[in-house]
Amino acid sequence: MRKALITGITGQDGSYLAEFLLGQGYEVHGIKRRSSSFNTERIDHLYQDPHEMNRNFVLHYGDLTDTSNLTRILQEVQPDEVYNLAAQSHVSVSFDMPEYTANVDALGALRILEAIRLLGLQDKTRFYQASSSELYGLVQEAPQKETTPFYPRSPYAVAKLYAYWITVNYRESYGIYACNGILFNHESPRRGETFVTRKITRSLANIALGLEKTLYLGNMDALRDWGHARDYVEMQWLMLQQDNPEDFVVSTGVQYSVRNFVQMAASNLGVIINFMGCGLDEVGVVTSIEGDRAPALTVGDVIVRVDPRYFRPAEVDTLLGDSSLARQKLGWKPKISIDELVSEMMISDLNIAKKEALLAGNGFDIPFRRGE
Ligand code: NDP
Ligand code: GDR
């Protein structure tokens, strides 16, 4: 049985990748962080009691800032494949925590590669690095492909640039099978609630049911190439199954603005939103409602506003990927369309909002957290 070790297994991608690898017959090991509250919600359905014999899903406490811990886990597990998905992955937060972001996102990759080398696992263990379209930042060419020059625009992207190159360097220096997936934005109902797509679907569902009044956003002109995380984790695995390690762009090749995403999400509730005004005064107004999925709304309601607190010190205005290489060499292409993605997210968040509305309607307090 092949063994995989996933860092960041409690995150969006980690949870989908774990499901996928278990389906492929792997023994899956994951690193989770110690937290004062439970942080395994996305993988609780995979949990196996430690008392069970022959477990194929095992969690280890660890942290990408802790070299000895990572080395010990690698020595213990002796994985055939390591997927380094752990990161402080929020671009905006990286401006607040640049040093921590560098420690985890840049040095974390180095720590694992060094452990592979020092433990003599370089001929056994294949390494996947979760690289990002954020590397392109201030884009030098459109669409972006493997040869497009990088121009990172945030502490997050600069840290990921180090991780990208140290992965290439360990491949070239020590012959480790190590590669980068340069993944464009990918989303799902499991997306963290402070990333823009999930913030939109979560908030619109709440607004439709009267749990919240306004969705506040930053730069609505930003253009992104959004895919589905379930599609993209398959590509992470495929990249480690080749004869030779290589870096690949993973994207849909279609681009939408944040504003478009709001409108697509609202239309799943039978609500048409028109945007009026500009700059800080731009608002999203309900212009028509169909069906009964948004009982708390009436035509004319202003439900989207701009809040400059969500602007970033340096923005990545546009990203659009060209994944021809992955399509040609690996026969990969995304299967889930943007319409299916948005609909899946909206249905899931509407169900959460319905549960919360039921609790609120019966006098129970419900948690309210606004995304960044
Ligand atoms: P998430 O933010 O959902 O998950 C990040 C994971 O990393 C979580 O499991 C988190 O643990 C863990 N983590 C954070 N800090 C540490 C640390 N110091 N030590 C150990 N684990 C840590 O990200 P995604 O699943 O969306 O993304 C996966 C990877 O892919 C990330 O590296 C991200 O930067 C990269 N990426 C993501 C893209 C996307 O669109 N989703 C696109 C391109 C790249 P906890 O649950 O405890 O917080
Ligand atoms: P991104 O994702 O920065 O591309 O990084 P995010 O969803 O945070 O932002 C996308 C774009 O939307 C704009 N935006 C807002 N963003 C957030 N979070 N909140 C808002 O209120 C808001 N309003 C507008 C942003 O300015 C940005 O332009 C994600 C992460 O998953 C990274 O880890 C990954 O590497 C990249 O995708 C590819």
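If you're wondering where the values come from, they're calculated on a predicted model, not measured in any experiment. (Residues numbered from 1 in each chain as written. Chains lettered and ligands numbered in written order. Predicted model: local features only at pLDDT ≥ 70, side-chain atom pairs only at ≥ 80, totals over all residues.)

## Re helix α10 (residues 338–361)
Side chains three or four residues apart in an α-helix point the same way, a direct result of the helix having 3.6 residues per turn.
1) Next: Here α10 is 24 residues long and its end C-alpha atoms lie 34 Å apart, about the 34 Å a rise of 1.5 Å per residue gives.
2) Next: For α10, the elements touching its buried residues are β7 (186–187), α6 (196–208), β10 (227–228) and α8 (258–267).
3) Next: Where α10 terminates, the next one or two residues include G363, which has phi positive at roughly 85°. (Helix = DSSP H or I, 4+ residues; strand = E, 2+ residues; numbered from the N terminus. Expected span 1.5 Å × (residues − 1). Contact = placed C-beta atoms within 7 Å.)

## A short note on the site of ligand 2
1) Next: Taken together, 23 residues surround ligand 2, and among them S89, S132, V196, G218 and A222 come closest.
2) Next: Those elements that place two or more of their residues in the shell around ligand 2 are α3 (91–96) and α6.
3) Next: Classifying every residue of the shell around ligand 2 by side-chain character gives nine nonpolar, eight polar and six charged. (Near = placed C-beta within 6 Å. Nonpolar A, V, L, I, M, F, W, Y, C, P; charged D, E, K, R; others polar.)

## Some words on the packing of helix α1 (residues 12–23) against helix α7 (residues 229–239)
1) Next: It is at 9 Å that the axes of α1 and α7 come closest, and there the two elements cross at 65°. When the axes of α1 and α7 are compared, the crossing they make is right-handed. Along its contact with α1, which presents Q12, D13, Y16, L17, F20 and L21, the element α7 presents A229, R230, V233, E234, Q236 and W237. (Axes fitted to C-alpha atoms, helices over the stretch in contact; angles between N-to-C directions. Left-handed = near helix turned anticlockwise from the far one by under 90°.)

## Some words on the packing of α6 against α8
1) Next: Where α6 meets α8, the axes come as close as 10 Å, and the angle between the chain directions of the two elements is 35°. With respect to the hand of their crossing, α6 and α8 are arranged in right-handed fashion. Residues V196, T197, I200, T201 and L204 of α6 pack against V258, F261, V262, A265 and A266 of α8.
2) Next: Split into classes, the residues belonging to the contact of α6 with α8 amount to eight nonpolar, two polar and no charged.

## Details of the nonpolar core
1) Next: I6, I112, L113, F127 and V250 are the most contacted members of the largest nonpolar core, which totals 63 residues.
2) Next: Broken down by element, the residue count for this core peaks at nine residues, all from helix α5 (residues 155–174).
3) Next: Non-local contacts of V250, meaning those with residues more than four positions away in its chain, are made with G181, I182, L183, F184, Y232, M235, S323 and A326.
4) Next: Judged by nonpolar contacts, the second largest core, of 30 residues, contains V271, A294, V306 and M346. (Core = buried A, V, L, I, M, F, W, Y, C linked by C-beta atoms within 7 Å. Buried ≥ 20, exposed ≤ 12 C-beta atoms within 10 Å, placed from the backbone.)

## Structural notes on the pairing of strand β13 (residues 271–276)
1) Next: Summarising the sheet, β13 and strand β14 (residues 283–289) pair through six bridges and their orientation is antiparallel. Bridge pairing links M276 to V283 in β14.
2) Next: Connecting β13 to the next strand, β14, in antiparallel fashion are six residues, including G277 with a positive phi near 80°. (Pairing = 2+ DSSP bridges.)

## Things to note about the environment of G321
1) Next: Topologically, G321 is positioned in the loop between β15 (302–306) and α9 (324–330).
2) Next: Given 27 C-beta atoms within 10 Å, G321 falls into the buried group.
3) Next: Setting aside residues no more than four positions away along its own chain, G321 makes contact with S133, P143, Q144, F184, D225, V249, S251 and G253.

## A few points about the site of ligand 1
1) Next: In the vicinity of ligand 1, 26 residues are found, and the nearest of them are G8, G11, A86, A87 and A130.
2) Next: Among the elements of the structure, α1 and β5 (126–132) are those that each provide at least two residues to the shell around ligand 1.
3) Next: By residue number, the principal contributor to the shell around ligand 1 is α1, which donates three residues.
4) Next: Here the residues of the shell around ligand 1 are counted per class, giving eight nonpolar, 15 polar and three charged.

## Looking at the UniProt feature "domain: NAD(P)-binding" (unreviewed entry) in the protein
1) Next: Under the present numbering, the feature "domain: NAD(P)-binding" (unreviewed entry) in UniProt falls on residues 5–345.
2) Next: Here residues 5–345 is 35% helix and 18% strand, with 28 Å between the C-alpha atoms at its ends. (UniProt positions renumbered as here; feature names shortened; annotations may be inferred.)

## Points about unusual backbone geometry
1) Next: A cis geometry characterises the amide bond from A142 onward to P143, with omega recorded as -5°.
2) Next: Even without being glycine, N54 reaches a positive phi, approximately 50°.
3) Next: Structurally, N54 is set in the loop between β2 (27–32) and β3 (57–61).
4) Next: Given 7 C-beta atoms within 10 Å, N54 falls into the exposed group.

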